[in-house]
There are 2 protein chains.
Amino acid sequence: MGNGFLYQQISEDIHAQIAAGTLKPGDKLPSLRGLSRQRGISLTTVSQAYAQLEAQGYIQVRPQSGYYVAARPTTLATPEMATLKASPALVGHDALIEQVTSALRQPGLVPLGSTILDASLLPNKALQRLIQQSSRQPEAYTYAPAAGHEALRRQIAQYSLDSRRPLLAEDVAITNGCMEALHLSLRLLAQPGDVIAVESPCFYGVLQAIQSLGLRTLEIPASPQTGLNLDALREALSQYPITAVVTVPSFQNPLGCCMPLEHKQQLLTLAAQHDFQIIEDDIYGEFYFGNPPPTLYSLDTQDRVMLCSSFSKTVAPGFRVGWALPGRQRARFLQLKRMTSLSTATLPQQVLAAYLGSGAYARYLRRLRQRLAETQQQALPLLAEVMPSGTRISQPEGGFVLWIALPASLTGLAFYEAALAEGIGVAPGALFSTSPAYDHCVRLSLNMAWSPRLEAALHTLGRIAHQQLT
Amino acid sequence: MGNGFLYQQISEDIHAQIAAGTLKPGDKLPSLRGLSRQRGISLTTVSQAYAQLEAQGYIQVRPQSGYYVAARPTTLATPEMATLKASPALVGHDALIEQVTSALRQPGLVPLGSTILDASLLPNKALQRLIQQSSRQPEAYTYAPAAGHEALRRQIAQYSLDSRRPLLAEDVAITNGCMEALHLSLRLLAQPGDVIAVESPCFYGVLQAIQSLGLRTLEIPASPQTGLNLDALREALSQYPITAVVTVPSFQNPLGCCMPLEHKQQLLTLAAQHDFQIIEDDIYGEFYFGNPPPTLYSLDTQDRVMLCSSFSKTVAPGFRVGWALPGRQRARFLQLKRMTSLSTATLPQQVLAAYLGSGAYARYLRRLRQRLAETQQQALPLLAEVMPSGTRISQPEGGFVLWIALPASLTGLAFYEAALAEGIGVAPGALFSTSPAYDHCVRLSLNMAWSPRLEAALHTLGRIAHQQLT
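What comes next concerns the included structure. (Residues numbered from 1 in each chain as written. Chains lettered and ligands numbered in written order. Predicted model: local features only at pLDDT ≥ 70, side-chain atom pairs only at ≥ 80, totals over all residues. Heavy atoms only, no water.)

**Here we look at the interface of chain A and chain B**
Moving on, step 1. The partner chain B presents 44 residues to the 44 residues of chain A that form the contact.
Moving on, step 2. Buried area between chain A and chain B, summed over both chains or domains, comes out near 3900 Å², and the portion from carbon and sulfur atoms is 57%.
Moving on, step 3. Of all residues in chain A, Tyr141, Tyr143 and Met339 of chain A bury the most surface against chain B, accounting for 21% of the area lost on that side.
Moving on, step 4. The salt bridge involving Arg338 of chain A is made with Glu98 of chain B; its shortest N-O contact spans 3.1 Å.
Moving on, step 5. At the junction of chain A and chain B, the tally comes to 18 residue pairs in polar contact (both at pLDDT 80 or more). (Contact = heavy atoms within 4.5 Å. Buried area = accessible area lost by both parts, 1.4 Å probe. Salt bridge = Lys/Arg side-chain N within 4 Å of Asp/Glu carboxyl O. Polar contact = N/O pair within 3.5 Å; in protein donor to acceptor, adjacent residues only side chain to side chain.)

**Examining the relation of the copies chain A and chain B**
Moving on, step 1. Relative to chain B, chain A is turned by 180° and slid 0.1 Å along the rotation axis, the superposed coordinates differing by an RMSD of 0.1 Å. Both chain copies can therefore be described as sitting about a two-fold axis. It is Gln132 of chain A whose C-alpha, among those of chain A, lies nearest the rotation axis, at 2.8 Å.
Moving on, step 2. A shared binding surface is used by both copies, with 100% of the interface residues of chain A retained as interface residues in chain B. (Least-squares fit on C-alpha atoms with pLDDT ≥ 70 in both.)

**Some details on helix 16 (residues 452–469) of chain B**
All names here are of chain B.
Moving on, step 1. Its 18 residues place the ends of helix 16 26 Å apart at the C-alpha level, agreeing with the 26 Å of an ideal helix rising 1.5 Å per residue.
Moving on, step 2. Every buried residue of helix 16 is listed here: Leu454, Ala457, Leu458, Thr460, Leu461, Gly462, Ile464 and Ala465.
Moving on, step 3. Summarising the contacts, the buried residues of helix 16 are in contact with helix 14 (360–386), helix 15 (412–421) and strand 14 (441–445). (Helix = DSSP H or I, 4+ residues; strand = E, 2+ residues; numbered from the N terminus. Expected span 1.5 Å × (residues − 1). Buried < 20%, exposed > 50% of the residue type's maximum accessible area, 1.4 Å probe, protein only.)

**Looking at the side chain of Asn229 of chain A**
Residues and elements named next belong to chain A.
Moving on, step 1. Turning to its location among the elements, Asn229 is positioned in the loop between strand 6 (227–228) and helix 9 (230–239).
Moving on, step 2. At 2.9 Å, the side chain of Asn229 and the backbone nitrogen of Ala232 are in polar contact.
Moving on, step 3. Those residues in contact with Asn229 that lie beyond four places of it in its chain are Ala51, Ile220, Pro221 and Ala222.

**Quick look at the sheet that holds strand 12 (residues 401–405) of chain A**
Two orientations exist for strands paired in a sheet by backbone hydrogen bonds: parallel and antiparallel.
All names here are of chain A.
Moving on, step 1. With antiparallel pairing, the four strands of this open sheet are ordered in space as 11-12-14-13. Strands with a single pairing partner mark the edges of an open sheet, and in this sheet they are strand 11 (392–393) and strand 13 (427–428).
Moving on, step 2. Across two bridges, strand 13 lies against strand 14 (residues 441–445) in antiparallel orientation. Along strand 14, the bridge assignment pairs Ala427 with Arg443.
Moving on, step 3. Each of strand 11, strand 12 and strand 14 touches helix 14 (residues 360–386); the most contacted strand, strand 12, lies at about 10° to it. (Pairing = 2+ DSSP bridges. Axes fitted to C-alpha atoms, helices over the stretch in contact; angles between N-to-C directions.)

**Points about the packing of helix 8 (residues 204–212) of chain A against helix 12 (residues 330–341) of chain B**
Moving on, step 1. At a minimum axis distance of 9 Å, the contact between helix 8 of chain A and helix 12 of chain B shows a crossing angle of 110°. Here helix 8 of chain A is positioned roughly perpendicular relative to helix 12 of chain B, judged by the angle of their axes. Crossing geometry of helix 8 of chain A relative to helix 12 of chain B is assigned as left-handed. Contacts from Gln208, Ala209 and Ser212 of chain A of helix 8 of chain A reach helix 12 of chain B at Gln335, Leu336 and Met339 of chain B.
Moving on, step 2. The class makeup of the residues in the contact of helix 8 of chain A with helix 12 of chain B is three nonpolar, three polar and no charged. (Parallel < 35°, antiparallel > 145°, perpendicular 65-115°, else oblique. Left-handed = near helix turned anticlockwise from the far one by under 90°. Nonpolar A, V, L, I, M, F, W, Y, C, P; charged D, E, K, R; others polar.)

**Some details on the nonpolar core**
Moving on, step 1. Core analysis: the largest hydrophobic core is formed by 226 residues, its most contacted members being Leu233, Ile242 and Phe311 of chain A together with Leu233, Ile242 and Phe311 of chain B.
Moving on, step 2. Contact partners of Ile242 of chain B, with chain neighbours within four places excluded, come to Val195, Ala197, Leu218, Leu233, Ala236, Leu237 and Phe276 of chain B. (Core = buried A, V, L, I, M, F, W, Y, C linked by side-chain atoms within 4.5 Å.)

**A few points about the pattern of salt bridges**
Moving on, step 1. In total, this model carries 20 salt bridges over all chains according to the counting rule given.
Moving on, step 2. Salt bridges here are not isolated pairs; linked through shared partners, they connect Arg165, Asp300 and Asp303 of chain A.

**Quick look at unusual backbone geometry**
Moving on, step 1. Residue Pro201 of chain A is bonded to the preceding Ser200 of chain A through a cis peptide linkage, with omega at 0°.
Moving on, step 2. Structurally, Pro201 of chain A is set in the loop between strand 4 (195–200) and helix 8.
Moving on, step 3. With omega at 15°, the peptide bond leading from Asn253 of chain B into Pro254 of chain B counts as cis.
Moving on, step 4. Checked against the element boundaries, Pro254 of chain B lands in the loop between strand 7 (242–247) and helix 10 (261–274).
Moving on, step 5. Of note in the backbone geometry, Phe251 of chain B takes a positive phi value of approximately 60° without being a glycine.

As structure tokens, then:
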């Protein structure tokens, strides 16, 4: 699928000059127009190259003045375009994912490599009471409809109440977690060989699902602040026949980024102009620290968005209850669901319907958001203190993952291995792309209340990073 | 994929002569050798044609004498070769399945159109106690491994103890019901365009799953006594590149047939000779009235069989817990499972592990088999009495479905509609093939204890059949 974009080449050239010391911190870069004339390339291309370098933390924009080489960047992204066709390299990527995720499941670890919330944050006691209630209802033992338990679908519709696009129970299709919702959406929208665009870096499960269906992945750069880079998407659209875009607009895994409202609107406009579909993974959408971000689905007036979500992150990973809003494709979605797994287990659906219906879900989420925000407020300054100079850390406005770029001489895999040896799980950046773009990164999950144990773990991570520098 | 087999043409010619009255009940047919010479066709082809007519109940074999037109056949099958490519006709078949299965889910029906056991037979009380126990364990709320809850895999391995091929917990992969096990097995073994052979008639969910994956279906005639017709399979193998055979060797749905041991061995030999894989759907394997039939998996010495099963028929439909024995393909199976639905809900797995572990499962199944056999013993003579002459009914040695061929002037759909209007569900034969071969058939589930309500329902079905004759 080509050797990447022209803007990436420009961006890499400038990065090489910074790395070689030709360009030093504080040096001013050529203006957009100046570089455009100098290299004979379009203003758009220069602007994209600078946007990428800025997202990577290598340069900074000073309003009314221009672009400068950054002194010590605080945020990052290292977007890269990659393909995901079956290849020996990909087998290696799959094997790495299997090896790392299996190691991270070891009991006893400080589980900062996992996107499951710590059990102490979850409402297990409330669920236990509701399980006992549901177990007395005969329907707990019988098949739920393929679309899902009706009371749960009604509760999801009511809870998601959004004046932009009100939901009905009939709009909701229950699935075996978000993964099945994504899997069915991909199967519904794309045929083998079709190109699916994703944010880069991207949750490895999505990369693997796309590959396993014989689809081709196009990784589009994403910024740790604003998510999917729309300029890069526009350029990709001019080159490739993109069937669908899979995006996590709110608190993306692993970046933690949130797409601004105007970007969401632009993405919907692009979808209409270029006739592609959007699969919106909203699994982290409830984890906002400020105002609830609107979903693409709620802004969509043309039925181009299929939303996928789940209770796995918020309430109960073990329940495996997710849902999709498949829009006008509902009948075909349900047919595929029947042919894939018939229906979803009944009892967990009953329990969740009762939990949402009692109002406890909304109250629990309010408290959960506060606690996760508190953890992040404690962790960020500590990490800034303990991690070596040259480390860059995202500052997400929701979710519970931090994206960390280690100083250039470190690798995420070596850092992950050393952390594991000290009983701490972190997720190496290499999991999140089939390209080597994030080999120096790690994802750190702040998935628990602030505690001495967590504080000690962050100190240990700082020590490890310093040790690996020397 | 051609217009069917030569043997089918012969079989249809003879059937046409019987239907026209040219051949009358009791008339002797030409000998195998005679017809072979007369038509200039192979003995195998004649033998297959006669086997099909016999399976359909149109002719009978008298040992040491020859083949005769049947007077009043008691068993039947109307196998037919069909293709399942996406086509307007197929959309019609899908629509029919959706319409009928949705109507059969109406509450209040005598549910003889469903393959779910009546709740009064199921061990819901015992499960309720175990649910309450499991709900107190923290792990009920966390993800199970993709392969499944370890204790349940161990219990399945222990329960399935078969000296021919002992199982280990590691051999078992838990799935969201048998449907997901079948779905993943098909994805693992076949690429879009590949030919998958199935028994005809066949559970419609399997026909749809094959189609939804872009695979091609080849319906191979099956007999209500001995299942898959191996001569027909041999002929198909000589014509088509068959990648895999999906078979239900024990108490097939909808025929109720059980493949004899020597047929199982021949099928395995064929698989080795022609290099195809076998997906064994063993979901009804526990429902034997006599001796437990050995699975193909237990007889397989070459790792050609992937077994799929479930607790949905035996214990708890609503739990959605099934399993696969993927053999040497285990690692790839689990990877596909992760990409499709990550893992299966934890609590139902814990409950089933405890239920099997306590020995209650084995005791419950012994009693269940007795009760289902009793129901069949009551129902068969009653049906023989109340159904009009010309009706043919299978006599399975396990399972809980009867396959009924109505007299030639009736159709399964009209019978189903009239039964529905009287509050009784039955499944029209048209669901079980994309060909019209079973349009005069219905599947009747004896999925409850014998009761005045069931007795009255069978009387009503008899009355409906008589009414539709006139």
